[in-house]
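Chain and residue survey
Here are the chains, one letter per residue:
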Amino acid sequence: MNILVMSWRDPKHPLAGGAEQVDHEHHKGWIAAGNKVTLFSSSFTNAKKIEEIDGVKIIRKGNQILGVQLQALFWYLFERKEKFDLVVDEFHGIPFFTPLYIWGPKMAVLQEVARDVWLKNDLHYPLNVIVGNIGYYFEPLVYLLYRQIIFMVGSQSAKKELHEMKISNENIKVVPHGVILDLPKNKLEKEKIKTVIFLGALAKDKGIEDAIKTFAILNKKSDYQFWIVGKGGEDYLSYLKGLCKKLAIENKVIFWGFVSQKKKFELLTRAHIMLNPSLLEGFGLVNIEANACATPVVAYNCPGLVDSVENNQSGKIIEKNIPAEMAKEIDGILKNKNEYKKLQNGALEWSQRFSWEASRKLSLDLVESLGIK
C-alpha cells in the first residue's frame, strides 16, 4: 500500500517527543512489510522541505500549530502527488480534519484526549486563557467528524477517554507501545546520595512544577539530590530555576537539559526513583524506560500513567495527586530497603513485557485491514 500520514511534527522536529518516536517506529514496521509511507508534517528552522528518514518520505510545510493543517489541505487538494491507499490523521490536540476533504480509507491515531491540557498551555496571559478555553470547549465537537473513523490508540486509558467523546468502542483499536532501550554497556551503581529524577518536557501539563515542589518537601526529610532532564522554553526554564531558588533547593537540583539517548539511560540507571506528576499521558514510555534501568516510578493517578506503571510492581500510583503525597511515598520507599528491592525487581520484569516487534505487527495488521491493496 501507499500510506499518507499527516502529523504536526516529524522525528527531527526540535520539539519532537515520545509521540513522534512511537509513530516513527510504526512507520518503519509498515515499510519493512513492503508498504510506502509519506509523512506530511510542519516545517522548522533550517528544515529540509523534503527528506527521507528510515525509508519514510517527509514533506514539510507550514507551522506546527494550524499552519501545517492548512498547508496539508491545499497540498492534498491542489498539488500533484501520488495516489494514496490509506490516509492516517494524527491527533495532537488539533487533527487534520481529513473527513472534510478526503473520501478514501482513513485511520486516526491518538495518544490522548487533550481536554484539561488545553488549560495548562504555556502562552502568556490573556492568550493562554483564550486559547485554553477555545481548545477545551471546541475539542469535543471535533470528534463528531470522526465518529465513523477507526482510531489507533496506545492504552486503555486513551480508549476510555475517546469513548467519552462519543467514539464507539468498536472503532477504537488499542495497540500497546514498544520501548527502545540504549542501556549502559558497563554496570553502573545507583548514586550514593538518594537521587530522584524527572524526565520529560519542561511544560506545565507534564507536572514539572509539582515535581519541584515534591523535591522541596523531600529535601526537608533527608539528604537528597534532584535531577531534571528535558527541554523547555527559555522563559519557563528561568521561572523554574527561580522556583527552585524560592524553595531553597537550587543547590540540590541539576537541570540537565536535553540529553542523548545514551546519557538519558545512564542517568535513569544511576537515579533511585523517577517521579512522574504528569497531568495526562497517552501511555508514558518514560516510565518503561526507567523501569528497564531498575528504577521504580512514583506517578500521579492519571490517564496513561495508570497504564504504564503497574502499581506495587513497577512503582507506585499515589491516591492524591499532590506533591506532599508524592514526597511521602518516595521517602517511604527509599527508607525501606526490602520494599525498594522488590519494586526494582518488579520494574525490570514489567519493562520486559513491551516489544516493538509485537506492537508493529498489531499496527500493520490494522492498516492493512483498512487500506486498499
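These remarks concern the structure in this document. Per-chain numbering applies: the sequence of each chain, read as written, is numbered from 1 onward. Totals for whole chains, interfaces and linings use every residue, but because this is a predicted model, local features are given only for residues with pLDDT of at least 70 and side-chain atom pairs only at 80 or more, for both listing and counting. The basis for every side-chain value is the complete set of non-hydrogen atoms in the structure, without hydrogens or water.

Observations regarding the overall build of the protein
What counts here: To qualify as a helix, a DSSP run of H or I must reach at least 4 residues; to qualify as a strand, a run of E must reach at least 2; elements of each kind are numbered from the N terminus. Based on C-alpha atoms, the radius of gyration is set beside the globule rule, defined as 2.2 Å times the residue count to the power 0.38. The cut-offs for exposure are 20% and 50% of the maximum accessible area for each residue type, with area from a 1.4 Å probe on protein chains only; residues under the lower value are buried, those over the upper are exposed, and the others partly exposed. Any pair of residues with heavy atoms lying within 4.5 Å of one another is described as a contacting pair. Charge convention: Lys and Arg are scored as positive, Asp and Glu as negative, and His as well as the terminal groups of each chain are ignored. Charge coordinates come from a single atom per side chain, which is NZ of Lys, CZ of Arg, CG of Asp or CD of Glu.
If you tally the helices and strands in the protein, you get 12 helices and 14 strands. The C-alpha atoms of the protein give 21 Å as radius of gyration, which agrees with the globular expectation for 373 residues (21 Å, within 12%). For the C-alpha atoms alone, the extent of the protein along its principal axes is close to 65 × 45 × 40 Å. Looking at the protein as a whole, 53% of its 373 residues are labelled buried. Taking the intrachain contacts of the protein between residues at least 6 apart in sequence as the baseline, contacts between residues at least 24 apart amount to 68%. One finds the centroid of the 50 positive side-chain charges in the protein at a distance of 2 Å from the centroid of its 43 negative side-chain charges.

A look at the packing of helix 5 (residues 208-221) against helix 10 (residues 323-334)
Operational definition: To obtain an axis, a line is fitted to C-alpha atoms, over the contacting stretch when the element is a helix, and the angle between two such axes runs from 0 to 180 degrees between their N-to-C directions. For classification, angles of less than 35 degrees are called roughly parallel, those exceeding 145 degrees roughly antiparallel, those between 65 and 115 degrees roughly perpendicular, and all remaining angles oblique. Should the near helix be turned anticlockwise from the far one by less than a right angle, the crossing is left-handed, and should it be turned clockwise, the crossing is right-handed. Classes in brief: Ala, Val, Leu, Ile, Met, Phe, Trp, Tyr, Cys and Pro nonpolar; Asp, Glu, Lys and Arg charged; the others, Gly included, polar.
Remark: helix 5 packs on helix 10, axes separated minimally by 8 Å, with the N-to-C direction vectors making an angle of 50°. Classed by the angle they form, the pair helix 5 and helix 10 counts as oblique. Handedness of the crossing formed by helix 5 with helix 10: right-handed. In contact with Asp210, Lys213, Thr214, Ile217, Leu218 and Lys221 of helix 5, helix 10 contributes Pro323, Ala324, Met326, Ala327, Ile330 and Asp331. Considering only residue class, the contact of helix 5 with helix 10 consists of seven nonpolar, one polar and four charged.

Quick notes on the sheet that holds strand 11 (residues 253-257)
For the record, the criterion: By definition, two strands form a pair when at least two bridges between them are found by DSSP.
Strand order in the open sheet made by the six strands is 11-10-9-12-13-14, with parallel pairing throughout. A strand with exactly one partner marks an edge of an open sheet, and here the two such strands are strand 11 and strand 14 (315-317). Taken over all neighbouring pairs, the strand axes of this sheet differ in orientation by 20° on average, direction set aside. Relative to strand 10 (residues 224-229), strand 9 (residues 194-199) runs parallel, the two sharing six bridges. Counterpart to Ile197 in the pairing with strand 10 is Trp227. On top of the sheet, helix 8 (residues 285-292) reaches strand 9, strand 12 (273-276) and strand 13 (297-299); it is set at about 170° to strand 12, its chief contact.

Considering the nonpolar core
Convention followed: The definition of a nonpolar core used throughout is a set of buried Ala, Val, Leu, Ile, Met, Phe, Trp, Tyr and Cys residues joined through side-chain atoms within 4.5 Å.
In terms of nonpolar packing, the biggest core is built from 48 residues, with Ile208, Phe215 and Ile330 touching the most fellow members. Considering each element in turn, this core owes the most residues, six residues, to helix 5. Look past the residues within four positions of Ile208 in its chain and what remains in contact with it is Phe198, Leu202, Ala203, Ile228, Tyr236 and Leu240. By size, the runner-up hydrophobic cluster in this structure holds 19 residues, among which are Val56, Val175, Leu366 and Val367.

Looking at the environment of Val142
Position of Val142 among the secondary structure elements: in helix 3 (residues 127-142). Exposure remark for Val142: the relative accessible area of 5% places this residue in the buried category. What Val142 contacts, discounting residues up to four positions off in sequence, is Phe91, Pro95 and Phe97.

Comments concerning the layout of surface pockets
Heads up, the rule is: In the cavity and pocket records, a cavity denotes points on a 1 Å grid over the protein atoms alone where a 1.4 Å probe fits but cannot get out, a pocket denotes an open set with protein on both sides within 12 Å along at least 5 of 7 lines, and lining residues are residues with an atom within 4 Å of a point. Grid points are joined across faces, edges and corners, and a volume is the space filled by probe spheres set on the points.
Estimates place the volume of the second largest pocket at around 350 Å³. Contributing to the lining of the second largest pocket are 17 residues, with Lys187, Leu188, Lys190, Ala294 and Gln344 lying nearest its centre. No other element matches helix 11 (residues 337-351), which puts five residues into the lining of the second largest pocket. Here the residues of the lining of the second largest pocket sort into eight nonpolar, five polar and four charged.

Notes on a nonpolar patch on the surface
Filter applied, for reference: By definition, no residue in a patch forms a salt bridge, and every one has over 30% relative accessible area; like charges are joined within 9 Å, nonpolar side chains (Val, Leu, Ile, Met, Phe, Trp, Tyr) within 5 Å. Only the protein chains shown count as covering a residue, and every accessible area follows the Shrake-Rupley method with a 1.4 Å probe. Each salt bridge in this description consists of a side-chain nitrogen of Lys or Arg and a carboxyl oxygen of Asp or Glu lying within 4 Å of one another.
Taken together, the side chains of Leu123, Leu127, Ile130, Ile134, Phe138, Leu141 and Leu144 present a nonpolar region at the surface, about 650 Å² in accessible area. Tracing the backbone through its elements, the reader meets Phe138 in helix 3.

Quick notes on the sheet that holds strand 5 (residues 86-91)
Taken together, the eight strands give an open sheet; going across it, the order is 3-4-2-1-5-6-7-8, and neighbouring strands pair in mixed fashion. In this open sheet, the two strands that pair with only one neighbour each are strand 3 (50-53) and strand 8 (172-174). With direction set aside, neighbouring strand axes in the sheet form an average angle of 25°. In this structure, strand 2 (residues 36-41) lies alongside strand 4 (residues 56-60), joined through four bridges in parallel fashion. Each residue of the ladder has a partner; that of Ser41, found in strand 4, is Arg60.

What about the side chain of Asn171?
On the secondary structure map, Asn171 appears in the loop between helix 4 (156-164) and strand 8. Given a relative accessible area of 16%, Asn171 falls into the buried group. Apart from the residues within four sequence positions on either side, Asn171 is in contact with Arg147, Gln148, Ile149, Ile150 and Phe151.

A look at the packing of helix 8 against helix 11
For the pair helix 8 and helix 11, interaxial distance at closest approach is 7 Å and the crossing angle is 120°. Our classification of the angle between helix 8 and helix 11 gives oblique. When the axes of helix 8 and helix 11 are compared, the crossing they make is left-handed. Contacts from Ile288, Asn291 and Ala292 in helix 8 reach Ala347, Leu348, Trp350 and Ser351 in helix 11. Here the residues of the contact of helix 8 with helix 11 sort into five nonpolar, two polar and no charged.

Notes on the packing of aromatic side chains
Heads up, the condition is: Stacked, tilted and edge-to-face are the three classes assigned to paired rings of Phe, Tyr and Trp, where Trp is represented by its six-membered ring and a pair needs centres within 6.5 Å; plane angles under 30 degrees give stacked, over 60 edge-to-face, the rest tilted. Here, a charge over a ring means that NZ of Lys or CZ of Arg falls within 6 Å of the ring centre while also lying within 35 degrees of the ring normal.
All chains considered together, the criterion is met by 16 aromatic pairs. Put simply, the rings of Phe91, Tyr143, Tyr146 and Phe151 pair up and form one aromatic cluster. Of note, Arg115 hangs over the ring of Tyr136, and the distance from its end group to the ring centre comes to 3.9 Å. One cation-aromatic arrangement involves Lys241 over Phe255; the distance from NZ or CZ to the ring centre is 5.6 Å.

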